[in-house]
Amino acid sequence: MSKVNIKLERLGEMFPENWTEEQRAKGKTLFLKYLSEKAHKHYGGKIQTAPKAPVLGFNWFNVWYTPGVSKISTTIRDNNDASFELSNRGNLVAVVSDSTRVLGDGDCTPPGGLGVMEGKAFLMKYLGGVDAVALCIDSKGKDGKNDPEKIIDFVKMCQHSFGAVNLEDISQPNCYRVLDVLREECVIPVWHDDAQGTACVTLAGLLNALKLVNKKLKDVRIVFFGAGASNTTIARLMIADGGDPKKMIMFDSHGALHRKRDDIKADSRFYRKWEICEQTNPDCINTMEEAMKGADVLISLSTPGPDTIKQDWIRLMADKAIVFACANPVPEIYPYAAKAAGAYIVATGRGDFPNQVNNSLGFPGILKGALLVRASKITDNMAIAAAHSLANYAEKRGINPDNIVPTMDEADVFPVEAADVAVQAVKDGVARRPMSWDEAYSIAKKDIEYSRSMVKSLHDNGFITDPPTEMLEEALEWTIKQIEGK
C-alpha cells in the first residue's frame, strides 16, 4: 500500500495489499467520486473566464468597449462571417444539455448537469485549445414533459454567438430529433457527443482491437447491449465503415431489436432504433445467450454495473473475444472479471483502467478541426475520419491488448485528429474556409500548446493552487472504511 500522490498515479497501489481485484475496482470508483466532490467544492468548479487581450492603459477600455467597439458591431452587421475573426466566436463552443441523461445517473435536473458540462469545457480547452461554456437548460413544456422542440429553439436562438454546439446528456428519444433537426437547420456544426463522439472513439478502438486478433470489421459478429443514442450511432458508423449489419444484434431493455419489434415501429420518435431493427438481426434472435454464442465483439453502453454483463455470456463468445463495457461511471463488468470469463481485449469508458474508449479522445480534436475550417456541419464521414485518425495514431506508436487507443496525455493526437477532420470537411464540401492538412495541424498544435502553457503558468504563479494533501488523504481513508466496513 502506497500513499496517494498529488498526480493520482497508480491508483490501485494506494489500497491495502490484501484487497481483491473487485475491492480495488470498487475502491477506485468510490475514491474518485468522493475526491471529485471535495475538489469541486474547494475550487468552486473548474472553469473560469479570462481575458486574452491586454489592458495597457485606461484608454484601452475604450478600444475593447465603447466607443471603439462600435466599429466591430457595424462590421459584423454588414458581414456576419466577420464575427468569427472579430470575436471569440470562431473558437467558442456551447455545451448544451437538459441534463436528462447524465452519465449513468439519469435525470439530474438542469443544474445537475453542470459538473459534466463544465468538464467538457475543461477538456476542450486543455486538450483541444477550444473555449467552451456550459449551458444547462430546462426543456420541460407546459405539460411538465421534456420537449425536444424547446432545445431546438434554444440552440437556434443562441447559435450566432458560437462557432459550434456540443449537445450532451439529452435522453432518448428526444436526442434523436434534436440532433437531426439542428444538424440541418443551424449555420454552425451541431455535434451530439454522447452519440457521435462515443461512436467515433468506439470505432477507433474496435479497428485496432480487430487488428490484434487478426479479424476484419466486415466479417465479425457484433452484439450491442443497450440501444440508446450511443449504441445506435455506433452501429450506424460501423455499418458505414464496412461492418455487416446482418452480423449485428442489438438489445434494449425489452429484448433484441429486429423487424418484428412492432412496439418500436409504432412509436415514430424512435425512428433511429427502428432503422436498426430493419437492418440487423435477420434471424430475429431474441436472447442474449443465443446472440452471444460465437460472437466476436460485445459493445455495451447500458446500465452501470458491475454485474450488468454476465460472465456466462462472455464464456459463450468466440476465441479472442473483444468486450467493450463502457457505461459510466461504473462499467457493466469490471475488466478483471471479463478477462476471467475469457475476453481477450477489454475496454471501458474510464481512464483508471486500460483501454479507455471514451469520447474525451474525440470531441476536442473533432470540434477543433470543424472550427478551423468553419464547417457548417460535422458529417458522418468526418466522424469516421476521426476514428481512423485515432486508430492510426495509436497503431504507429504501437498497440497491444491493453493499449488499443491513444490516451489523453498523448498531446499530439489532438492536432493530428483536428487536421484529419478539417481535411475531410473540405472533401465533404462543408468547409467555409478551406485549408491544407499542414495548415490545420499547425494552427491546432499552436492553440493547444497555448492552452496548456496558460494553465501551467497560472499554476506556476500560484493563481491555480495544488489541492490540499489532507483532502487526498481524507478521500483515501474514507474509501478504505467504506470497502472494509469499518
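This text goes with the structure placed above it.
Bear in mind that the values here come from a model prediction, so they are computed numbers and not experimental data.

When you go through the protein chain residue by residue, the secondary structure sums to 19 helices and 10 strands. Expected size for 486 residues packed as a compact globule is a radius of gyration near 23 Å; at 23 Å, the protein chain falls within 12% of this value. Expressed along its principal axes, the backbone C-alpha trace of the protein chain runs to roughly 75 × 55 × 50 Å. Here the protein chain holds 486 residues, and 52% of them are scored as buried. With an accessible surface of roughly 22,300 Å², the protein chain has 52% of that area assigned to carbon and sulfur atoms. Here the protein chain carries 59 positive and 64 negative side-chain charges, and the mean point of each set is 1 Å from the other.

This next bit is on the packing of aromatic side chains. Evaluated as defined, the whole model comprises 9 aromatic pairs. Both rings, one in phenylalanine 225 and one in tryptophan 313, keep their centres 5.6 Å apart while their planes meet at 55°; by these two values the pair is tilted. With phenylalanine 225 in strand 5 (residues 222–225) and tryptophan 313 in helix 13 (residues 311–315), this residue pair connects regions lying 88 residues apart in the sequence. Take tryptophan 313: its relative accessible area is 12%, and that puts it in the buried class. Feature note: the residues Tyr334, Tyr336 and Phe353 constitute an aromatic cluster, connected by ring pairs. Between lysine 320 and the ring centre of tyrosine 344, over which it is positioned, the NZ or CZ distance is 5.2 Å.

So, on to unusual backbone geometry. The peptide bond linking threonine 66 to proline 67 adopts the cis configuration, its omega dihedral lying at 10°. Note on placement: proline 67 falls in the loop between helix 2 (61–64) and helix 3 (70–78). Here glutamine 172 and proline 173 are connected by a cis peptide whose omega angle stands at 5°. The residue proline 173 is located in the loop between strand 3 (164–167) and helix 7 (174–185) in this model. Of note in the backbone geometry, aspartate 169 takes a positive phi value of approximately 55° without being a glycine. Among the structural elements, aspartate 169 can be located in the loop between strand 3 and helix 7. Looking at aspartate 169, the relative accessible area reads 3%, which means it is buried. The residue asparagine 281 is not glycine, and still its phi comes out positive at about 50°. Relative to the elements of secondary structure, asparagine 281 occurs in the loop between helix 11 (271–279) and helix 12 (288–292). Given the relative accessible area of 2%, asparagine 281 is considered buried.

A few words now on empty space enclosed by the protein. Within the structure shown, the criterion is met by 1 cavity of 30 Å³ or more. Of the volumes computed, that of the largest cavity is approximately 40 Å³. Every residue along the wall of the largest cavity is listed here: Phe84, Gly163, Ile188, Pro189, Ala370, Leu371, Arg374, Ala375 and Arg432. In terms of residue class, the lining of the largest cavity is built from 6 nonpolar, 1 polar and 2 charged.

As a packed pair, helix 16 (residues 380–397) and helix 17 (residues 413–427) sit with axes 9 Å apart at the nearest point and diverge in direction by 145°. Here helix 16 and helix 17 pass one another in a crossing that is right-handed. For the pair formed by helix 16 and helix 17, the contact residues are Asn381, Met382, Ala385, Ala386, Ser389, Leu390 and Tyr393 on the first element and Val413, Val416, Glu417, Asp420, Val421, Gln424 and Ala425 on the second. Residue composition of the contact of helix 16 with helix 17, grouped by class: 9 nonpolar, 3 polar and 2 charged.

Bringing the side chain of glutamate 410 into the picture now. If you trace the backbone, glutamate 410 turns up in the loop between helix 16 and helix 17. Judged by relative accessible area, glutamate 410 falls into the buried class, the value being 17%. If we ignore the near neighbours within four places in the chain, the residues touching glutamate 410 are Tyr393 and Arg397.

Let's shift gears to the pattern of salt bridges. Counted under the stated rule, the structure contains 31 salt bridges. Taking the shortest distance from any N to any O, the salt bridge between lysine 445 and glutamate 449 comes out at 3.6 Å. On the criterion of helical spacing, the pair formed by lysine 445 and glutamate 449 is a turn pair, its members being 4 residues apart in helix 18 (residues 437–460). Residue classification places lysine 445 among the partly exposed positions, given a relative accessible area of 29%. On the basis of relative accessibility, which here comes to 43%, the residue glutamate 449 falls in the partly exposed class. Through salt bridges that share partners, Asp252, Arg261, Asp263 and Lys273 make up one connected network.

So, about the sheet that holds strand 4 (residues 190–192). Sheet architecture is open: 4 strands sit in the order 2-1-3-4, paired in parallel fashion. Looking at the sheet topology across the chains shown, the edges are occupied by strand 2 (131–136) and strand 4. Across the sheet, the mean angle separating the axes of adjacent strands is 25° when strand polarity is ignored. Here strand 3 runs beside strand 4; their pairing, made up of 3 bridges, is parallel. Looking at the pairing, valine 165 lines up with valine 190 of strand 4. Sheet contacts for helix 15 (residues 363–372): strand 1 (92–97), strand 3 and strand 4; angle to strand 3, the most-contacted strand, approximately 155°.

Glancing now at the sheet that holds strand 6 (residues 248–252). Read across the open sheet, the 6 strands follow the order 7-6-5-8-9-10; overall the sheet is mixed. Every interior strand has two partners, whereas the edge strands, strand 7 (255–256) and strand 10 (343–348), have only one. The pairing of strand 6 with strand 7 spans 2 bridges and is classified as antiparallel. Counted as the bridge partner of aspartate 252 is glycine 255 from strand 7. Of the strands in this sheet, strand 5, strand 8 (297–300), strand 9 (321–325) and strand 10 touch helix 8 (residues 193–212), which is tilted by about 160° from strand 9. Against the sheet, helix 9 (residues 229–240) touches strand 5, strand 6 and strand 8, its axis set at about 160° to strand 5.

Cut-offs applied
- Residues numbered from 1 in each chain as written.
- Predicted model: local features only at pLDDT ≥ 70, side-chain atom pairs only at ≥ 80, totals over all residues.
- Heavy atoms only, no water.
- Helix = DSSP H or I, 4+ residues; strand = E, 2+ residues; numbered from the N terminus.
- Rg over C-alpha atoms; globule rule 2.2 N^0.38 Å.
- Buried < 20%, exposed > 50% of the residue type's maximum accessible area, 1.4 Å probe, protein only.
- Areas by Shrake-Rupley, 256 points an atom, 1.4 Å probe, with all protein chains shown as cover.
- Lys, Arg positive; Asp, Glu negative; His and termini not counted.
- Charge placed at Lys NZ, Arg CZ, Asp CG, Glu CD.
- Phe/Tyr/Trp six-rings, centres within 6.5 Å; stacked < 30°, edge-to-face > 60°.
- Lys NZ or Arg CZ within 6 Å of the ring centre and 35° of its normal.
- 1 Å grid on protein atoms, 1.4 Å probe; cavity = no way out; pocket = protein on both sides within 12 Å on 5 of 7 lines; lining within 4 Å.
- Points joined across faces, edges and corners; volume = space filled by probe spheres on them.
- Nonpolar A, V, L, I, M, F, W, Y, C, P; charged D, E, K, R; others polar.
- Axes fitted to C-alpha atoms, helices over the stretch in contact; angles between N-to-C directions.
- Left-handed = near helix turned anticlockwise from the far one by under 90°.
- Contact = heavy atoms within 4.5 Å.
- Salt bridge = Lys/Arg side-chain N within 4 Å of Asp/Glu carboxyl O.
- Pairing = 2+ DSSP bridges.

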